Amino acid sequence: MNELLAKIASKTATVAVVGLGYVGLPTVRAFHDAGFRVIGFDIDQTKIDKLRRGEAYLKHLGTDWVRALAGSSRFQPTSAPADLAAADAIILCVPTPLGEHREPDLSFVEKSTEMVASTLRRGQLIILTSTSYPGTTRGVCKPILDRRGLACGTDYFLAFSPEREDPGRPGVQTRTIPRLVGGVDEPSARVAEALLAAAVERVIPVDSAEIAESAKLLENIYRAVNIALVNELKPVLAAMGIDIWKVIDAAATKPFGFQPFYPGPGLGGHCIPIDPFYLTWRAREFGHVTRFIELAGEINSRMPHQVVDAVARALDESGKTVKGASVLVIGLAYKPDIDDIRESPAAEIITLLAGMGARIAYHDPHIPRFPRMRKYQHDLCSVDLTQQNIAAADCVVIVTNHSGVDYVLLGEHARLIVDTRNAMSAVKNPRARIVRA
Ligand SMILES: NC(=O)c1ccc[n+]([C@@H]2O[C@H](COP(=O)([O-])OP(=O)(O)OC[C@H]3O[C@@H](n4cnc5c(N)ncnc54)[C@H](O)[C@@H]3O)[C@@H](O)[C@H]2O)c1
């Protein structure tokens, strides 16, 4: 342990990051910026090739630093598992999706841990960052690593440290977001804390890996439940003629005991729609039912249907039907100013409207082409936001309020706008009919 602590303190430790996506790539950056030699490993060869060429594949992270990284002698992108043997610390940032029946799919965690186990050696530290149910690090990763015949806590070290990355949020990055860490034993906790503290400004050690795993789930369940609450209140207040966004802004003036959450077209991304159900699944094993999580999931997953109902009603009031109407969807990404469409409600809304016979076009400055998705297939490319394209639509639906969209132009030339994000509130006297949904 002392040898590893000394290597961390002198920044001579080599850090490997396994899984170079939305979480892994910023982790590479944080450790490289901190002065460590970094190995970036991914099974996706196209990502490795791009990193070698200095090409950014996650636009929200910027491009210059990826170019600089490619030229750095301290960065080695690789898809060869044998290269991980050289690492003193290995940080796993692989996906944790849900299976077809909404059960945790830990296959990525298991496979990457097996790969790490195949070259595990004395003095290595493994940190899992992928969000999962409490008990994953100790109950899933540790038995795989233990098969190598080394003892955890003396020969090798194992900890969980959840990532709180929020892609596209300005002003925060891996280095500045406070970081929790919990070990499966005391020595593991100590070395993991030391490593993270070398790259992150504030590291908060907690008593166990399970506390760190549960804290991450609590954070995301808190968001899912509160978003469901405002999504439930939206039609209730609308029926009373009350603007929910004004209500939330009013309540948010209370300096304690209230945090604002805003309604929308439904949840998206790799975290909030998925992570809460990891706890639901695990709770069942202990004979418990997570009613809040289930209810929030039910309300939030209904939202795209509510938006489509609102579009149908609004078209009806203009003497039109969804069948045959041309609908221009603004924003495919699940949140503003990023290019991530995973679990995006826009995909569901487009699919529902197309299924009812609408002719769909979309505009998203960050997503030029509708990507291939397991559940949704649409042969669509982003159209320019011109007067003609706007005026040609029977209905414009704002699903994601990207900051690069010209809302004044929309208000000027659209006939009807169904706004799920309150994006049109800043536009003075729009000519278009605005319907909140
Ligand atoms: N995206 C976020 O904002 C965010 C925030 C906090 C936590 N998380 C959690 O972090 C984890 C990773 O999420 P992400 O958004 O970075 O996923 P991602 O899909 O963007 O990236 C995962 C990467 O892992 C690679 N990969 C898959 N299997 C692998 C294997 N066996 N070995 C090596 N690489 C492998 C994939 O090719 C991909 O590049 C998830 O558990 C997620 O819940 C995500």
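This one's a predicted model, so the numbers in the text were calculated from it and none came from an experiment.

Q: What am I meant to see in the overall build of the chain here?
A: Secondary structure assignment for the chain yields 14 helices and 13 strands. For 437 residues, the compact-globule formula gives about 22 Å, and the C-alpha radius of gyration of the chain, at 24 Å, lands near that figure. Along the first, second and third principal axes, the C-alpha set of the chain runs to 75 × 50 × 40 Å. Residue burial in the chain is summarised as follows: out of 437 residues, 52% are buried. With an accessible surface of roughly 19700 Å², the chain has 54% of that area assigned to carbon and sulfur atoms. Charge centroids of the chain, computed over 50 positive and 49 negative side chains, lie 2 Å from each other.

Q: Looking at this structure, how should I read the site of the ligand?
A: The immediate surroundings of the ligand are formed by 26 residues, with Val23, Asp42, Lys47, Thr96 and Thr131 found nearest. At 2.6 Å from an oxygen atom of the ligand is found a side-chain nitrogen or oxygen belonging to threonine 96. Within the contact set of the ligand, an oxygen atom lies 3.0 Å away from a backbone nitrogen or oxygen of threonine 131. In isolation the ligand offers 830 Å² of accessible surface; the protein chains occlude 92% of this area.

Q: Looking at this model, I keep getting lost on helix 7 (residues 186-197). Mind explaining?
A: In an α-helix, one turn spans 3.6 residues, which is why side chains three or four residues apart end up on the same side. For helix 7, which comprises twelve residues, the first-to-last C-alpha distance of 16 Å matches the rise-based estimate of 16 Å (1.5 Å per residue) to within 8%. Buried within helix 7 we find Ser188, Val191, Ala192, Leu195 and Leu196. Down the axis of helix 7, the sector holding all buried residues measures 130°, keeping them to one side.

Q: Got a minute to help me understand the sheet that holds strand 11 (residues 395-398) in this structure?
A: Strand pairing within a sheet occurs via backbone hydrogen bonds; the two strands may be parallel or antiparallel. Strand order in the open sheet formed by five strands is 10-9-11-12-13, with parallel pairing between adjacent strands. For this open sheet the edge positions go to strand 10 (359-363) and strand 13 (433-436), each flanked by a neighbour on one side alone. Direction aside, the axes of adjacent strands within the sheet are offset by 20° on average. Both strand 9 (residues 326-330) and strand 11 contribute to a ladder of four bridges, which runs parallel. Bridge assignment links valine 327 to a residue of strand 11, and that residue is cysteine 395.

Q: How should the state of the cysteines be read in this particular structure?
A: Should the sulfur atoms of two cysteines be covalently bonded, the bond is a disulfide. Applying the stated criterion to the full structure yields zero disulfides. Left unpaired, cysteine 141 is separated from the closest cysteine sulfur, that of cysteine 152, by 11 Å.

Q: So what exactly am I meant to see when it comes to the pairing of strand 7 (residues 179-183) here?
A: In the case of a regular strand, side chains alternate between the two sheet surfaces. In terms of residue burial, strand 7 counts as a mostly covered element, since five of its five residues are buried. Where burial is concerned, the two faces of strand 7 agree: the one with Arg179, Val181 and Gly183 and the one with Leu180 and Gly182 are both buried. Strand direction decides the pairing type here: strand 6 (residues 157-160) and strand 7, joined by two bridges, are antiparallel. Bridging from a neighbouring strand, phenylalanine 160 pairs with glycine 182 of strand 7. Pairing of strand 7 with strand 8 (residues 203-205) involves three bridges; the strand directions are parallel.

Q: Sorry, what's going on with the domain arrangement of the chain here?
A: Accessible area lost during the coming together of the parts is what is often quoted as the interface size. In terms of domains, the chain is made up of domain 1 (2-207) and domain 2 (276-436). Placing a centre on the C-alpha atoms of domain 1 and another on those of domain 2 gives a separation of 35 Å. Domain 1 puts 20 residues into the contact, and the matching count from domain 2 is eleven residues. When domain 1 packs against domain 2, close to 1300 Å² is buried across both sides, 59% of that on carbon and sulfur atoms. For the pair domain 1 and domain 2, the interface holds one salt bridge. Put simply, domain 1 and domain 2 have seven residue pairs in polar contact (both at pLDDT 80 or more) between them.

Cut-offs applied
Residues numbered from 1 in each chain as written. Predicted model: local features only at pLDDT ≥ 70, side-chain atom pairs only at ≥ 80, totals over all residues. Heavy atoms only, no water. Helix = DSSP H or I, 4+ residues; strand = E, 2+ residues; numbered from the N terminus. Rg over C-alpha atoms; globule rule 2.2 N^0.38 Å. Buried < 20%, exposed > 50% of the residue type's maximum accessible area, 1.4 Å probe, protein only. Areas by Shrake-Rupley, 256 points an atom, 1.4 Å probe, with all protein chains shown as cover. Lys, Arg positive; Asp, Glu negative; His and termini not counted. Charge placed at Lys NZ, Arg CZ, Asp CG, Glu CD. Near = heavy atom within 4 Å. Polar contact = N/O pair within 3.5 Å; in protein donor to acceptor, adjacent residues only side chain to side chain. Expected span 1.5 Å × (residues − 1). Arc of directions from axis to C-beta. Pairing = 2+ DSSP bridges. Axes fitted to C-alpha atoms, helices over the stretch in contact; angles between N-to-C directions. Disulfide = S-S within 2.5 Å. Domains from an automatic or database assignment. Contact = heavy atoms within 4.5 Å. Buried area = accessible area lost by both parts, 1.4 Å probe. Salt bridge = Lys/Arg side-chain N within 4 Å of Asp/Glu carboxyl O.

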